[in-house]
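Architecture and fold: a report
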Amino acid sequence: MPVLVVLIVFSLSFYVYYRVKAYRSNKPVEKQWISAKASIALGLFVASFGLNQLFLNRSTITLIVGIVFLLIGFGSSWAGFRAYKHYLPQVVKEAQK
């Protein structure tokens, strides 16, 4: 499915973008906040890759791998979103200093 391929490419490119941006940041809380965004993007990448695997082939191994990738991807995105919400007020305070 071309839509999933586009989503895979976009999420991977956002992951690389945020990872480089976090590496260049000098502020420690901002670095954690940007890393949380990178974790969300990586989770979406893994989940969309797993979803793509579910549509490609119909073998048992492919279904198991696709479901595992979906679970790991959504778990990583959820954890990244929680970290993003946790660090957001701290980043605002750090920026005001």
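Residues numbered from 1 in each chain as written. Predicted model: local features only at pLDDT ≥ 70, side-chain atom pairs only at ≥ 80, totals over all residues. Heavy atoms only, no water.

For the rest of this paragraph, the subject is the packing of aromatic side chains. Enumeration over the complete set of coordinates arrives at five aromatic pairs. Here W33 and Y84 contribute two aromatic rings whose centre-to-centre distance is 5.7 Å and whose plane-to-plane angle is 20 degrees, an arrangement assigned as stacked. Linking W33 in helix α2 (residues 28-56) with Y84 in helix α3 (residues 60-96), this pair joins segments that are 51 residues apart in sequence. With relative accessibility at 15%, the residue W33 sits in the buried group. Members of the aromatic cluster, connected to one another through ring pairs, are F14, Y17 and Y18. Note that K37 overlies the ring of W33, its terminal NZ or CZ placed 4.1 Å from the centroid. (Phe/Tyr/Trp six-rings, centres within 6.5 Å; stacked < 30°, edge-to-face > 60°. Helix = DSSP H or I, 4+ residues; strand = E, 2+ residues; numbered from the N terminus. Buried < 20%, exposed > 50% of the residue type's maximum accessible area, 1.4 Å probe, protein only. Lys NZ or Arg CZ within 6 Å of the ring centre and 35° of its normal.)

Residues V6, F10, F14 and Y17 make up a contiguous nonpolar surface patch of roughly 420 Å² in combined accessible area. In this structure, V6 sits in helix α1 (residues 2-24). Using a relative accessible area of 44% as the deciding quantity, one classes V6 as partly exposed. (Patch = residues over 30% accessible without salt bridge, like charges linked within 9 Å, V, L, I, M, F, W, Y side chains within 5 Å. Areas by Shrake-Rupley, 256 points an atom, 1.4 Å probe, with all protein chains shown as cover. Salt bridge = Lys/Arg side-chain N within 4 Å of Asp/Glu carboxyl O.)

Assignment of secondary structure puts L54 in helix α2. With a relative accessible area of 16%, L54 lands in the buried category. For the pair L54 and I67, spaced 13 residues apart in sequence, the C-alpha separation works out to 7.7 Å. Contacts of L54, omitting those with residues within four sequence positions, involve T62, L63, G66, I67 and L70. (Contact = heavy atoms within 4.5 Å.)

With respect to the helices, strands and loops of the structure, S25 is situated in the loop between α1 and α2. Classification of S25 as buried rests on a relative accessible area of 9%. Separated by 3.0 Å, the side chains of S25 and E30 make a polar contact. If sequence neighbours within four positions are ignored, S25 has contacts with E30 and K31. (Polar contact = N/O pair within 3.5 Å; in protein donor to acceptor, adjacent residues only side chain to side chain.)

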